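Coordinates in review
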Amino acid sequence: HKIIGHSILVSSLGCITWNRFLFFVIGTRVRKYFEQFENLLDKTPLVMICHLLFFGFSIYPILSNIHEYIQYLVLAITGIVIVFAGFRYYQETFSQSHRVGRIFQFIGRRTLDVYLIHYFFVYSGIASFFENQNLQDAPFMSFVLCILVSICVIAACLCVSQILRISPFLAHFLFGQKSINKIGV
C-alpha cells in the first residue's frame, strides 16, 4: 500500500514531468548566454566529452552501477549538447540556401500539424509491428528501423496536413492558419 500511495502522490504532484523543467532551464540559460555557450563549444573539448559520456552511458548502462535517474540526466544533457553542436557545425547545410535546410524548415513550420496528426499513425498498428520485431540484440538495426518509421510517419503527417489545409475552415480551426480572405479585412 505504501508503494501505491507513493506513486499516487508523485503522479498527482506532477513530479514525473518535473524533469522536463530542466530542459526549459537549460534552454533559457543557453539563450541568455549564447555567445559564451558557442565559445564553450568551440574552444573546449566539451563536445568530445559529451560524445564519450553519451556513448559510454548508452553502451554500458548495466555496468555503470549508478542510479537510473542520473543516467537519464547524463544521456539527456549530453544528447542535447551533441545535437546542438551537430546543427551548429553543419549550419550551412541547414540554411535556407540548401535543399536539406529548406526541407527541415518546412517541417519546422508544420510541427503543430505533425504533433496533432502523428497519433493517428503511431497508435494505428506501428507499436504492434515493433513488438513483433526481435531487435533486442541488434540496437543499430533498431535505430535504423526507428529512423525509417519516423520519416514515413512525418511524411504521412505532412501529406494529411496538406490535404486538410485545402479547407480554409479546417486549416483555421486545426492549425490556426489565417484565412486569406480575412487578412486584408
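Residue positions are counted from 1 within each chain, in the order its sequence is given. Local features in this predicted model are restricted to residues whose pLDDT is 70 or higher, and side-chain atom pairs enter the listing and the counts only when it is 80 or higher, whereas totals over whole chains, interfaces and linings include all residues. Heavy atoms from the whole structure form the basis of all side-chain values; hydrogens and water molecules are not counted.

Thoughts on the packing of aromatic side chains
Any pair of Phe, Tyr and Trp rings, taking the six-membered ring for Trp, is counted once the centres come within 6.5 Å. Such a pair is stacked with planes under 30 degrees apart, edge-to-face with planes over 60 apart, and tilted for the rest. One pass over the full model with this rule turns up 8 aromatic pairs. Between Phe87 and Phe94 the ring centres are 4.6 Å apart and the planes differ by 50°, which places this aromatic pair in the tilted class. Partly exposed residues are those whose accessible area sits between 20% and 50% of the maximum for their type, while under 20% is buried and over 50% is exposed, using a 1.4 Å probe and protein chains only. Owing to a relative accessible area of 42%, Phe87 belongs among the partly exposed residues under this scheme. A ring pair is formed by Phe169 and Phe173, whose centres lie 4.7 Å apart and whose planes are at 50°; its orientation type is tilted. Linking Phe169 with Phe173, this pair stays in helix 10 (residues 168-175), spanning 4 residues, or about one helical turn. Accessibility assignment for this pair places Phe169 and Phe173 in one class, exposed. Linked through ring pairs, Phe34, Phe37 and Phe84 together constitute an aromatic cluster. We count a stretch as a helix when DSSP gives it H or I for four or more residues in a row; a strand needs E for two or more, and each element gets its number in order from the N terminus.

Thoughts on the packing of helix 4 (residues 34-43) against helix 6 (residues 68-89)
For helices, the fitted line uses only the C-alpha atoms of the stretch in contact; every axis is such a line through C-alpha atoms, and the angle between N-to-C directions lies from 0 to 180 degrees. Two elements in contact, helix 4 and helix 6, have axes separated by 11 Å at closest approach and are oriented at 90°. The orientation of helix 4 relative to helix 6 falls into the category roughly perpendicular. Where helix 4 approaches helix 6, its residues Phe34, Phe37, Glu38, Leu41 and Asp42 are matched on the opposing element by Val81, Phe84, Ala85 and Arg88. In the contact of helix 4 with helix 6, the residues fall into 6 nonpolar, no polar and 3 charged. In this scheme, roughly parallel covers angles under 35 degrees and roughly antiparallel covers those over 145, while 65 to 115 is roughly perpendicular and the rest are oblique. Only heavy atoms matter for contacts: two residues are in contact if any of them lie within 4.5 Å across the pair. Gly is placed with the polar residues, together with every amino acid not listed as nonpolar (Ala, Val, Leu, Ile, Met, Phe, Trp, Tyr, Cys and Pro) or charged (Asp, Glu, Lys and Arg).

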